[in-house]
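Overview (structure and organization)
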Amino acid sequence: MGATVTSRALAILGAFDGEHRSLSLTDLARRADLPLATAHRLVGELQRWGALAREPNGEYVIGRRIWQLGLLAPVQSGLRQAASPFLHDLYGTTLATVHLAVRDGLQVLYVERLAGHVSVPVVSRVGSRLPMHATGVGKVLLAYAPEEVRMEVLQNLTRITAYTVTQPARLLEQLRRVRAEGYSTTGEEMSLGACSVAVPVRSGDTVVAALGMVVPDLRRQLPRLVSALQVAAHGIGRTLTGDPSIQWK
């Protein structure tokens, strides 16, 4: 059986990712593995509906209609709703870049980000996905992930910078310390010049998200940042647990 119209339309939308945010019609057809004429017809329909938008240079980007739908996803609306006041308090206290993230399969999905005042190279964006083994929030989520997830991640520890941990035994020891100490750290593992610290967010006994910050250096301020993160994470978790109207799963 050939591909359905739905699967072809989804293939076009799936052609976009963090490295391909703007694509020409030719590139869309190639990445979606569709004939150019088919891609042209479907792209036109998606554009009219609002799923795609055409830029002045002729390339296509994800449209506002998709963004609006994405905000309705429970992991977006519920978790962000519960976390918002605590993220802003945390940002106001530290002026650092603040992240809220969840696990999406074998990657970290960033659901919220407040950009800090200090110039630090930060590669994450809201909606982006990054490797768990190279990020502070990722190490927290990996530490509390099911065993089969950890084992699969350990089989593919790609090196992103010279400081990325790619030795399975060393990463396992770091994850053990996360569970014992209640926080994770990274030092220039995702991007040079950026360090991160993160803590788990719990709803009851379940870790549902990770809360982290990115700063230039952790050496002098680690205890203060961990304390601030834990206070905020506790507040988020208490809100999630205490308000049954919030849907975060």
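Residues numbered from 1 in each chain as written. Predicted model: local features only at pLDDT ≥ 70, side-chain atom pairs only at ≥ 80, totals over all residues. Heavy atoms only, no water.

Quick notes on the domain arrangement of the protein
For the protein, the domain assignment lists domain 1 (5-71) and domain 2 (77-242). Taking only C-alpha atoms into account, the centre of domain 1 sits 31 Å from that of domain 2. (Domains from an automatic or database assignment.)

Looking at the confidence of the model for the protein
Residues with a pLDDT of 70 or more make up 93% of the protein, whose mean pLDDT is 89. Per-element confidence in the protein is highest for helix α6 (residues 136-143), whose mean pLDDT is 97, and lowest for helix α4 (residues 64-70), whose mean pLDDT is 80. (pLDDT = per-residue confidence, 0-100. Helix = DSSP H or I, 4+ residues; strand = E, 2+ residues; numbered from the N terminus.)

Remarks on the pairing of strand β6 (residues 184-187)
Judged by which residues are buried, β6 turns out to be one-sided: S184 and T186 face inward and are buried, whereas T185 and G187, on the alternate face, are not. One ladder, built from four bridges, connects β6 with strand β7 (residues 195-203); its direction is antiparallel. Each bridged residue has a counterpart across the sheet, and for T185 the counterpart in β7 is V197. (Buried < 20%, exposed > 50% of the residue type's maximum accessible area, 1.4 Å probe, protein only. Pairing = 2+ DSSP bridges.)

Notes on the sheet that holds strand β8 (residues 206-215)
In space, the six strands of this open sheet follow the order β5-β4-β3-β8-β7-β6, with antiparallel pairing throughout. Because the sheet does not close on itself, it has two edges, and the strands there are β5 (129-131) and β6. Put simply, the sheet's adjacent strands are angled 35° from each other on average, direction ignored. Where strand β3 (residues 97-104) and strand β4 (residues 107-114) come together, seven bridges link them in antiparallel fashion. (Axes fitted to C-alpha atoms, helices over the stretch in contact; angles between N-to-C directions.)

What to know about unusual backbone geometry
Here the phi dihedral of D33 falls at roughly 60°; this positive angle occurs in a residue that is not glycine. As for its placement among the helices and strands, D33 is situated in the loop between α2 (25-32) and α3 (36-49). Phi is positive for L95, close to 60°, though the residue is something other than glycine. You can see L95 is positioned in the loop between α5 (74-94) and β3. The exposure class of L95 is partly exposed, given its relative accessible area of 37%.

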